[in-house]
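Residues per chain are reported as follows:
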Amino acid sequence: MRKMLLPVLAALVMTACKKEMVSDLSLRQAEIASSAAAKGAEKIAIWHVDATTNTWKQMTINANAWPDHQAHGDIWKVGQEYKGGKIGYILQAGDPGYDAKLPHGLIAAAEDLLNPYYLDPDPQPFFTWAPDVNGIGGFFGVGEAARGTAIGTGLSNTNAIVQYLPDVVNTINTTFPWLDLKLDRYAAVACRKEFNGYNDWFLPSRDELQKILQNRMSIGGFPDANGPFRISYWSSTEHSWDGDASRAYLCYYDSGTAPGQVVTYNDRSIYEYRARPVRYF
Ligand SMILES: [Zn+2]
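Residues numbered from 1 in each chain as written. Predicted model: local features only at pLDDT ≥ 70, side-chain atom pairs only at ≥ 80, totals over all residues.

### Details of the overall build of the chain
Check the secondary structure of the chain and you find six helices and eleven strands. Burial analysis of the chain (281 residues in total) assigns 31% to the buried set. Sequence-distant contacts, at least 24 apart, represent 60% of the contacts inside the chain between residues at least 6 apart. (Helix = DSSP H or I, 4+ residues; strand = E, 2+ residues; numbered from the N terminus. Buried ≥ 20, exposed ≤ 12 C-beta atoms within 10 Å, placed from the backbone. Contact = placed C-beta atoms within 7 Å.)

Dropping the structure here:
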């Protein structure tokens, strides 16, 4: 008798559940439908490109028309997937290079780079900026060409570093062959590589990096800050202090600084920080 009762009870309970689930589901569907209608009615401001004239204009559209606009290359907001990464910053009035008729800005790679020479035991997202050359012929600095701080200087900084490093690394490897330093263990060289179909990625300048980190929640793919522990990123801006260019600018955040971030500088050959490649659009 007991054996019979259990399946019957179970069946009753299941039927009751099923009924509840069905009505729950139809409620949910109604909810989704009404929120979709609300979404369709929601207006968003986009930059619309006219492919025939290659001109842009800002326009307001219904949110549900966005996929069609996105398909022909329009941009909408920070965090949108675009040309190899995510839109990380859109230039504002007053920024160098700002154009009221044409949106420009920074595309951030979706993830931090991994350093194949920093194993723990798998590659980690940490790089030094340049090797330590103080022991072998004194002091080297990339110089003015890598000291741009502003928006728009990251690519030229990075190119200057990429040009400068091979000689330094060769000199070190000649003096200390057992070190066998590889160029792409340094942040700028690692960033200046082709991926996702684009070959114009670079390590952002100090101000560019700051904008990217300010927008990191919208861009996504940045580690959560845990307590006082800093999440630090290298910029491509060399720091010159009393003629000593052994430092570079970095930007960091911790749980106390979120959602802001702090710009500072540190010894570029000792400290290992993250590197997030960006490109211009
Ligand atoms: Zn459009």
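After presenting the structure, the write-up continues.
### Comments concerning the nonpolar core
Within the largest apolar cluster, 49 residues are counted, with the highest numbers of intra-cluster contacts made by Tyr186, Ala187, Cys191, Trp234 and Ala275. Counting only elements with at least two residues in this core, the list comes to strand S4 (85-90), strand S5 (105-108), helix H3 (154-175), helix H4 (187-191), helix H5 (206-214), strand S8 (231-241) and strand S9 (244-253). Top element by residues in this core is H3. It accounts for seven residues. Other than its neighbours up to four places away in sequence, Ala275 contacts Asp112, Leu113, Phe127, Ala187, Ala190, Cys191, Leu203, Tyr233 and Trp234. (Core = buried A, V, L, I, M, F, W, Y, C linked by C-beta atoms within 7 Å.)

### Notes on H3
If you check H3, its first and last C-alpha atoms are 31 Å apart, about what 22 residues at 1.5 Å a residue would give, namely 32 Å. In the structure, H3 departs most strongly from a straight axis at Leu165, where the bend amounts to approximately 30° and where the proline Pro166 lies between one and four residues downstream. Among the residues making up H3, those that are buried are Gly154, Leu155, Asn157, Thr158, Ala160, Ile161, Val162, Leu165, Val168 and Val169. Of the surrounding secondary structure, the elements contacted by the buried residues of H3 are H4, H5, S8 and strand S11 (278-280). (Expected span 1.5 Å × (residues − 1). Bend = angle between axes of the 7 residues up to and from the residue.)

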